[in-house]
Amino acid sequence: CGILGLWSEGPVDVAGLLHLGLLALQHRGQEAAGMAVTDGKEFLVEKDLGLVNQVFTEERLGKLRLPEARLGLAHTRYSTTGSNLRINAQPLTARTAHGVLAIAHNGNFTNAKPLRDRLLREGATFQSTSDTEVMLLLLARLGHLSLPEAAAQAMRLLQGGYSILLMDRKTLLALRDPHGVRPLVLGRAPWGFAFASEPPALLLMGAEYVRDVRPGEVVWVEEGRLQSLQALPPEPTPCAFEWIYFARPDSVLDGAEAYEARVRMGMELFREAPAEADLVVPVPDSGIGAAVGYAKASGLPLEFGLYKNPYAGRTFIQPTQELRDLKTRLKLSPTGAVRGKRVVLVDDSIVRGTTSRRIVRMLKEAGALEVHFRVSSPPIRFPCYYGIDTAARKELIAAEKSVEEIRAYIGADSLAFLSEEGVRRAIGRPVCLACFNGRYPAGVPEEGEKLALE
Ligand code: 5GP
Ligand code: SF4
Ligand code: MG
């Protein structure tokens, strides 16, 4: 998911600014979009299933345009926990002892189920199947504390990877789990402060990047003052997949630029797995950075052997296999660059293997003599419990198959994955690699938790 929020000293077009920022975070979730806006008295929420520009028509934005608005937050949804239902679209709101609260959440709580069961036993009621609501209910229970203190206390009860924005009628809060699994950055604008999942969203809101929210930190803006408390000691292991694939290439997260990291992954990949070939072809768009690096390190020419239809969207968001199949064909087609050539095909990851198999076949049909598949991350063998929907374990091709078996399945002449060490070196800091090695830094849920929640 993508989250963003702003606090302004005086009245600004909060809805308009959030709309621009949301467009910069569209890649983080395409299932639903929403925003909450307040002028200190009225508290308005609009959200729905769909892309940002489908949900926020001029008419709908108009409904949120309070003339004295100074505070708001927004969300783009990518469903992990909780089904793709309208009721699970965010921001979620609740009337609590803290007044009206709105929350926007990126990530997952791994202990949402036991916390939810406890709250239910104590008489709480839930409106959605999303784990985000657990946070709201915890805050409601902590009504005797100030909102930042209640947020810090809730963080001590929650496990998992999460970045959260929270607002009441006058305060905007940002929190990041102690492992800093999901990104969150702080910006300063002439009118006040902004937070966003990734820096490009700040820029669109007219804010300048100041710093990343620290792992385990609660930052809030109250009456124009930026304040902070460290709820939990930081143990940073941000998600490697943000740099491998998920984040925008122009994002700098925790000090490391996604594009540069991807190029370095490609260079490492060539060092680990060179290939006898004529040219390097990226799988657009996610393989471009790594392909650039592979071409750089190998000295082979980089060619656009695949055309990506820019209007097709990201396929993996589609929940059923049939839709995914259709959309791959809609999305990619080979160009003449590969005819009569030995191709190094570079992509960021293999999840189910179905797209990769289809691409290899397409290139061969277009006249490629050989296809050497190079992947700029290790085989994904384990599910993510921290907010990236890399599919259930049984769907992961690398969970059961060896590299040679995957090569045979996708029909490539050779196949190699980047090592964990290569990923770590390219990103240049300790990171979560749990979907590759099964070592989960922020806890794992009980068996069947996601099903039980729904
Ligand atoms: P596959 O061959 O595994 O079907 O597809 C691999 C390609 O699709 C890669 O380019 C990867 O970026 C993208 N992809 C496919 N499915 C998923 C998914 O479930 N999650 C993520 N993060 N990426 C996916
Ligand atoms: Fe990222 Fe994988 Fe860790 Fe999930 S398990 S947070 S996708 S590195
Ligand atoms: Mg891709």
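Provided above is the structure to which this section pertains.
Residues numbered from 1 in each chain as written. Chains lettered and ligands numbered in written order. Predicted model: local features only at pLDDT ≥ 70, side-chain atom pairs only at ≥ 80, totals over all residues. Heavy atoms only, no water.

(A) How the structure looks around unusual backbone geometry. With an omega of 5°, the peptide bond running from Gln90 to Pro91 counts as cis. Inspection of the secondary structure assignment puts Pro91 in the loop between β4 (71–77) and β5 (92–96). That bond from Pro284 to Asp285 is cis: its omega, -5°, falls within 30 degrees of zero. Along the chain, Asp285 turns up in the loop between β16 (279–282) and α10 (288–298). Although it is not a glycine, Asp254 adopts a positive phi angle of roughly 45°. With a relative accessible area of 22%, Asp254 lands in the partly exposed category. (Helix = DSSP H or I, 4+ residues; strand = E, 2+ residues; numbered from the N terminus. Buried < 20%, exposed > 50% of the residue type's maximum accessible area, 1.4 Å probe, protein only.)

(B) Region of interest: the site of ligand 1. Taken together, 15 residues sit near ligand 1, with Asp347, Val351, Arg352, Thr355 and Ser356 positioned nearest. Thr354 is positioned such that a nitrogen or oxygen atom in its backbone is 3.2 Å from an oxygen atom of ligand 1. Thr355 places a side-chain nitrogen or oxygen 2.7 Å from an oxygen atom of ligand 1. For ligand 1, whose free accessible area comes to 500 Å², the fraction covered by protein is 96%. Those elements that place two or more of their residues in the shell around ligand 1 are α8 (240–246) and α12 (354–365). Per element, the largest residue contribution to the shell around ligand 1 is three residues, and it comes from α12. For the shell around ligand 1, the residue count by class is five nonpolar, six polar and four charged. (Near = heavy atom within 4 Å. Polar contact = N/O pair within 3.5 Å; in protein donor to acceptor, adjacent residues only side chain to side chain. Areas by Shrake-Rupley, 256 points an atom, 1.4 Å probe, with all protein chains shown as cover. Nonpolar A, V, L, I, M, F, W, Y, C, P; charged D, E, K, R; others polar.)

(C) Representation of the sheet that holds β16. The strand order across the open sheet built from four strands is β16-β19-β20-β21, with neighbouring strands paired in parallel fashion. Single-partner strands in this sheet number two, and they are β16 and β21 (414–417). Between one strand and the next, the sheet's axes are offset by a mean angle of 20°, whatever the strand orientation. Pairing analysis gives four bridges linking β16 to strand β19 (residues 342–347), with the strands arranged parallel. The partner of Leu279 across the bridge, within β19, is Val343. Against the sheet, α10 engages β16, β19 and β20 (370–375), with an angle of about 170° to β16. On top of the sheet, α12 reaches β19 and β20; it is set at about 150° to β20, its chief contact. (Pairing = 2+ DSSP bridges. Axes fitted to C-alpha atoms, helices over the stretch in contact; angles between N-to-C directions. Contact = heavy atoms within 4.5 Å.)

(D) Looking closely at helix α5 (residues 132–141). Of all ten residues that make up α5, eight are buried, and the element is covered over most of its length. What α5 keeps buried is the set Thr132, Glu133, Val134, Met135, Leu136, Leu137, Leu138 and Leu139. Considering only its buried residues, α5 is in contact with β5, β6 (99–109), α4 (112–121), α6 (147–157), β7 (160–167) and β8 (172–176).

(E) Structural context of the packing of aromatic side chains. In the structure shown here, the tally under the stated rule is eight aromatic pairs. With a centroid separation of 5.4 Å and 35° between ring planes, the pair formed by Tyr78 and Phe246 is classed as tilted. Here Tyr78, found in the loop between β4 and β5, pairs with Phe246, found in helix α8; they are 168 residues apart in sequence, far enough to count as distant. Overall, Tyr78 belongs to the buried group, its relative accessible area being 4%. What makes Phe246 buried here is its relative accessible area of 1%. Cluster of aromatic residues (ring-pair linked, three or more members): Tyr78, Phe241, Tyr245, Phe246 and Phe436. One cation-aromatic arrangement involves Arg188 over Phe193; the distance from NZ or CZ to the ring centre is 4.2 Å. Directly above the ring of Tyr409 sits Lys401, whose terminal nitrogen or CZ lies 5.7 Å from the centroid. (Phe/Tyr/Trp six-rings, centres within 6.5 Å; stacked < 30°, edge-to-face > 60°. Lys NZ or Arg CZ within 6 Å of the ring centre and 35° of its normal.)

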